[in-house]
Amino acid sequence: MLYSERLEEYYEILAHHYGSSANTPKAVKYLHLAGKQAVKRSAYAEAIGQLSRAVQLVKTLPETRENKQLELPLQITLGQALSVTQGFASAEAEQTLERARDLARRLGDASQLFASLNELRAGQQIRAEHDKASLVAEELLRVARRTGDQRQLLLALHAMGGTAYFRGECCEAREHLEELLRLYDPQKHRGHDYLSVSVNVGVWGRCYFSWTLVRLGYSEQALTIALEALTLARELSHSFSEAAALFGLSHVHLERRDSQATMKMADALIALSDEHGFPFFLGWGTWLRFQALTEERQMREGIAGMRPVIEGMRARGGVAGFSWALGHLAGAHSKAGEVEEGLA
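Residues numbered from 1 in each chain as written. Predicted model: local features only at pLDDT ≥ 70, side-chain atom pairs only at ≥ 80, totals over all residues. Heavy atoms only, no water.

## Details of the overall build of the protein
Here is step 1: If you tally the helices and strands in the protein, you get 17 helices and two strands.
Here is step 2: Taking 2.2 N^0.38 as the reference for a compact globule, 344 residues should give roughly 20 Å; the C-alpha atoms of the protein span a radius of gyration of 21 Å, in line with that estimate.
Here is step 3: Principal-axis analysis of the C-alpha atoms gives the protein an extent of 70 × 40 × 35 Å.
Here is step 4: By the burial criterion, 55% of the 344 residues in the protein qualify as buried.
Here is step 5: Long-range pairs, those at least 24 residues apart, make up 60% of the contacts in the protein between residues at least 6 apart in sequence.
Here is step 6: Taken as a whole, the protein presents about 15,300 Å² of accessible surface, with 50% of it coming from carbon and sulfur.
Here is step 7: The protein carries 39 positive and 42 negative side-chain charges, and their two centres are separated by 3 Å. (Helix = DSSP H or I, 4+ residues; strand = E, 2+ residues; numbered from the N terminus. Rg over C-alpha atoms; globule rule 2.2 N^0.38 Å. Buried < 20%, exposed > 50% of the residue type's maximum accessible area, 1.4 Å probe, protein only. Contact = heavy atoms within 4.5 Å. Areas by Shrake-Rupley, 256 points an atom, 1.4 Å probe, with all protein chains shown as cover. Lys, Arg positive; Asp, Glu negative; His and termini not counted. Charge placed at Lys NZ, Arg CZ, Asp CG, Glu CD.)

## Focus: the pattern of salt bridges
Here is step 1: In the structure shown here, the tally under the stated rule is 16 salt bridges.
Here is step 2: Salt-bridge contacts for Arg 206 lead to Glu 228; the nearest nitrogen and oxygen are separated by 3.5 Å. Within this pair, whereas Arg 206 is found in helix H10 (residues 201–215), its partner Glu 228 is found in helix H11 (residues 219–236), the two being separated by 22 residues in sequence.
Here is step 3: Take Glu 228: its relative accessible area is 35%, and that puts it in the partly exposed class.
Here is step 4: One salt bridge in this structure joins Arg 256 and Glu 220, with 3.3 Å as the shortest N-O distance. Taken together, the positions of Arg 256 in the loop between helix H12 (239–255) and helix H13 (259–276) and Glu 220 in helix H11 put the pair 36 residues apart, joining distant regions of the chain. (Salt bridge = Lys/Arg side-chain N within 4 Å of Asp/Glu carboxyl O.)

## Quick notes on unusual backbone geometry
Here is step 1: The phi dihedral of Ala 128 falls on the positive side, at around 65°, and the residue is not glycine.
Here is step 2: In this fold, Ala 128 is placed in the loop between helix H6 (110–126) and helix H7 (130–147).
Here is step 3: Under the relative-accessibility criterion, Ala 128 is labelled partly exposed at 33%.
Here is step 4: Backbone geometry places Val 197, a non-glycine residue, at a positive phi of 55°.
Here is step 5: As for its position among the elements, Val 197 is in the loop between strand E1 (195–196) and strand E2 (199–200).
Here is step 6: On the accessibility criterion, Val 197 (4% relative accessible area) is buried.

## As for the nonpolar core
Here is step 1: Counting 104 residues, the largest nonpolar core has Val 203, Trp 204, Phe 281 and Trp 287 as the members making the most contacts within it.
Here is step 2: The residues contacting Val 203, other than those within four sequence positions of it, are Ala 229, Leu 232, Ala 233, Leu 236, Ser 241 and Ala 245. (Core = buried A, V, L, I, M, F, W, Y, C linked by side-chain atoms within 4.5 Å.)

## Some words on the state of the cysteines
Note on terminology: a disulfide is the covalent bond linking the sulfur atoms of two cysteines.
Here is step 1: Inspection of the entire model under this criterion finds zero disulfides.
Here is step 2: With no disulfide of its own, Cys 170 lies closest to Cys 171 among cysteine sulfurs, the gap being 7.2 Å. (Disulfide = S-S within 2.5 Å.)

## Considerations on the packing of aromatic side chains
Here is step 1: What the rule picks out here adds up to 20 aromatic pairs.
Here is step 2: Considering the side-chain rings of Tyr 165 and Phe 166, the 5.3 Å spacing of their centres and the 80° angle between planes classify their relative orientation as edge-to-face.
Here is step 3: With a relative accessible area of 3%, Tyr 165 lands in the buried category. (Phe/Tyr/Trp six-rings, centres within 6.5 Å; stacked < 30°, edge-to-face > 60°.)

## A few points about the side chain of Gln 125
Here is step 1: Among the secondary structure elements, Gln 125 is positioned in helix H6.
Here is step 2: A distance of 2.8 Å separates a polar atom in the side chain of Gln 125 from a polar atom in the side chain of Arg 121.
Here is step 3: Of note is the side chain of Gln 125, whose polar atom sits 2.8 Å from the side chain of Tyr 208.
Here is step 4: Those residues in contact with Gln 125, other than ones at most four positions away along the chain, are His 130, Ala 133, Gly 162, Thr 163, Phe 166, Tyr 208 and Ala 320. (Polar contact = N/O pair within 3.5 Å; in protein donor to acceptor, adjacent residues only side chain to side chain.)

## Thoughts on H13
Here is step 1: For H13, which comprises 18 residues, the first-to-last C-alpha distance of 26 Å matches the rise-based estimate of 26 Å (1.5 Å per residue) to within 8%.
Here is step 2: Taken residue by residue, H13 has Ser 259, Ala 261, Thr 262, Met 263, Met 265, Ala 266, Leu 269, Leu 272 and Ser 273 as its buried positions.
Here is step 3: Packing partners of the buried residues in H13 comprise H11, H12 and helix H14 (279–295).
Here is step 4: Directly beyond the C-terminal end of H13, a positive phi value near 80° is found at Gly 277. (Expected span 1.5 Å × (residues − 1).)

## Thoughts on the environment of Lys 59
Here is step 1: With respect to the secondary-structure elements, Lys 59 resides in the loop between helix H3 (44–58) and helix H4 (65–86).
Here is step 2: A relative accessible area of 59% means that Lys 59 is categorised as exposed.
Here is step 3: Along the chain, Lys 59 and Ala 144 lie 85 residues apart, while their C-alpha atoms are 32 Å from each other.

## Describing the packing of H10 against H12
Here is step 1: The geometry of H10 relative to H12 is characterised by a closest axis approach of 9 Å and an angle of 10° between their N-to-C directions. Relative to H12, H10 is oriented roughly parallel. Along its contact with H10, which presents Val 203, Trp 204, Cys 207, Ser 210, Trp 211 and Val 214, the element H12 presents Ser 241, Ala 244, Ala 245, Phe 247, Gly 248, His 251, Val 252 and Glu 255.
Here is step 2: A per-class count over the contact of H10 with H12 returns nine nonpolar, four polar and one charged. (Axes fitted to C-alpha atoms, helices over the stretch in contact; angles between N-to-C directions. Parallel < 35°, antiparallel > 145°, perpendicular 65-115°, else oblique. Nonpolar A, V, L, I, M, F, W, Y, C, P; charged D, E, K, R; others polar.)

## With respect to the packing of H7 against helix H8 (residues 150–166)
Here is step 1: Two elements in contact, H7 and H8, have axes whose closest approach is 8 Å; the angle formed by their N-to-C orientations is 155°. Here H7 is positioned roughly antiparallel relative to H8, judged by the angle of their axes. The two elements H7 and H8 cross, and the hand of that crossing is left-handed. The residues of H8 that touch H7, namely those facing His 130, Ala 133, Ser 134, Ala 137, Glu 138, Leu 140, Leu 141, Val 143, Ala 144, Arg 145 and Thr 147, are Gln 152, Leu 153, Ala 156, Leu 157, Ala 159, Met 160, Thr 163 and Phe 166.
Here is step 2: Considered class by class, the residues forming the contact of H7 with H8 number 12 nonpolar, five polar and two charged. (Left-handed = near helix turned anticlockwise from the far one by under 90°.)

Encoded structure:
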């Protein structure tokens, strides 16, 4: 093929060409490739546009098994991109991923079923549906152990560690996350296939492990692991993974009562999230900054800033960690001598 060695540069042009020629399957193929390419560049809005057009084109095709196979990976990639730009609790992302799950079950595609379930579990976790998320994580781990697929095992261990952490089962979380980090090879496990909920699984694993260690009282070890997560994310040059690592490190600094370090990392998280359009991390970065202000005795500004952020989280359905945020807000009111407001 002419210019075949530079084909990646022409995905969108090829999609337009095949769309104009009524070769819809080819147009869908190249739109999907262009969308995946945009995701790798962290150009998520661009990816959503391309992937959404591809989904609309698939809907014009007959309901055949071949066309469902064409649609399935599209829906997963689109669901992942929507989770990044709208937040993990996004209703649109959930509907997209449910469509992918249903297609995978009908087609008997075990690999794509695993991928769609893992993404859906993240939404359940963020909506604090921890029992549902735990059941899905257990299913993922059973599948990964049975198949012996190391990529799936890494993702499943992250799922198990994350759900155990949010259920307060920190010893179990530690066990799963330690196994994940023993298996994770930063040289081998770098590409798109090793993203779990759009974050490199080694970065996520270190974030959750650092939070677990803080809960268990090992704050120095937690700080070391959180710094490792940020170093890894920056080595990977992956902005969403870097946002996750900044969030993780800010969290550890806050729990260590290092308000200056918390504000520094929160400011970096806010800037990165605002630049790339990451609402989930933008919200948490803003909350962390205002909470750090209350640790600096700037009560009025800190409390006034935290309340709307918390209400925004509630409105978007992202309530995992909500009680933690409310507890810090109540503590800030108490320090300000506003006991009744803290109890409200």
